[in-house]
Amino acid sequence: QLGRDYSGNVQFLARDIDPQIDFAGNGYYMTRSGNLNLGLSTINVGRVRVQIQKVFANNLVYLLNASELRHSDDYYGDYQVQQNMSGLGTTVNSFEIEVGRSANEEVVTPLALESYVTPEHRGVFRIEAMESERYWNSSTRYVVATDIGMVTKRTDDAIWVWLNNLQSLDPIAN
């Protein structure tokens with residue numbers, strides 16, 4: 001309790017949020033016949049460099065053991081895979097985009113990967129988004145582009161495999 005009334009101006013200094021880059025959602029699968037849309041979430045970032053790399057099929061076991069295809073925004077946690085990516089796959093496309101910058105607010109920018117990945121590209125892709133001015137501020141997402149869904153069941157004496165088209169849900173023969 002104050003002994004008398006007080007009036008005056010009070011200022012609060014709000015510090016800007018550090019620039020952040022991440023991918024929206026937790027999905028890994030995109031249908032090849034769709035638009036291959038992926039949301040890019042940024043805070044206080046104006047320009048982003050995106051790199052799309054196709055992982056060679058013969059390297060999937062190594063990749064699964066090294067990174068488990070988890071979402072990664074930890075530069076050092078994904079460092080081993082980053083260093084070996086030149087031997088694991090090939091760069092399909094690389095481009096820069098402007099993202100709407102709104103001070104201290106999250107901006108989600110849709111990335112239509114269909115424009116950058118040709119129809120013959122199927123399989124596992126490594127998508128990396130990094131701030132143009134600060135390349136160490138980055139996020140990585142592995143996605144699977146396919147139209148085939150697979151369910152397997154193992155019994156004592158057999159392995160059953162069902163394949164379906166993800167677009168129509170029709171079974172795939174043989």
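Look a little higher up for the structure.
Everything numeric in this text was worked out from a predicted model, so none of it was measured.

Structural notes on the sheet that holds strand 1 (residues 20-23)
So, step 1. Ordered by their spatial adjacency, three strands build an open sheet running 1-3-6, and the pairing between neighbours is antiparallel. Whereas interior strands pair on both sides, the edge strands pair on one side only; in this sheet they are strand 1 and strand 6 (106-112). Across this sheet, the average inter-strand angle for adjacent strands is 25°, counted without regard to direction.
So, step 2. Where strand 1 meets strand 3 (residues 37-43), four bridges bridge the pair, whose relative direction is antiparallel. By the bridge assignment, Ile21 is partnered in strand 3 with Thr42.

Points about unusual backbone geometry
So, step 1. For Asn44, which is not glycine, the phi torsion reads 55° and is therefore positive.
So, step 2. The topology assignment puts Asn44 in the loop between strand 3 and strand 4 (47-55).
So, step 3. Residue class for Asn44 comes out buried when judged on its relative accessible area of 7%.
So, step 4. Positive phi, close to 65°, is recorded for Leu169, a residue that is not glycine.
So, step 5. Judged by its relative accessible area of 59%, Leu169 is exposed.

Some details on the packing of aromatic side chains
So, step 1. Scanning all chains against the criterion turns up two aromatic pairs.
So, step 2. Seen in terms of ring centroids, Tyr135 and Trp136 are 5.4 Å apart; in terms of plane orientation they differ by 80°. Their pairing is edge-to-face.
So, step 3. Over the aromatic face of Phe125 sits the side chain of Lys54, whose NZ or CZ is 5.8 Å from the ring centroid.

Rules of the game
- Residues numbered from 1 in each chain as written.
- Predicted model: local features only at pLDDT ≥ 70, side-chain atom pairs only at ≥ 80, totals over all residues.
- Heavy atoms only, no water.
- Pairing = 2+ DSSP bridges.
- Helix = DSSP H or I, 4+ residues; strand = E, 2+ residues; numbered from the N terminus.
- Axes fitted to C-alpha atoms, helices over the stretch in contact; angles between N-to-C directions.
- Buried < 20%, exposed > 50% of the residue type's maximum accessible area, 1.4 Å probe, protein only.
- Phe/Tyr/Trp six-rings, centres within 6.5 Å; stacked < 30°, edge-to-face > 60°.
- Lys NZ or Arg CZ within 6 Å of the ring centre and 35° of its normal.

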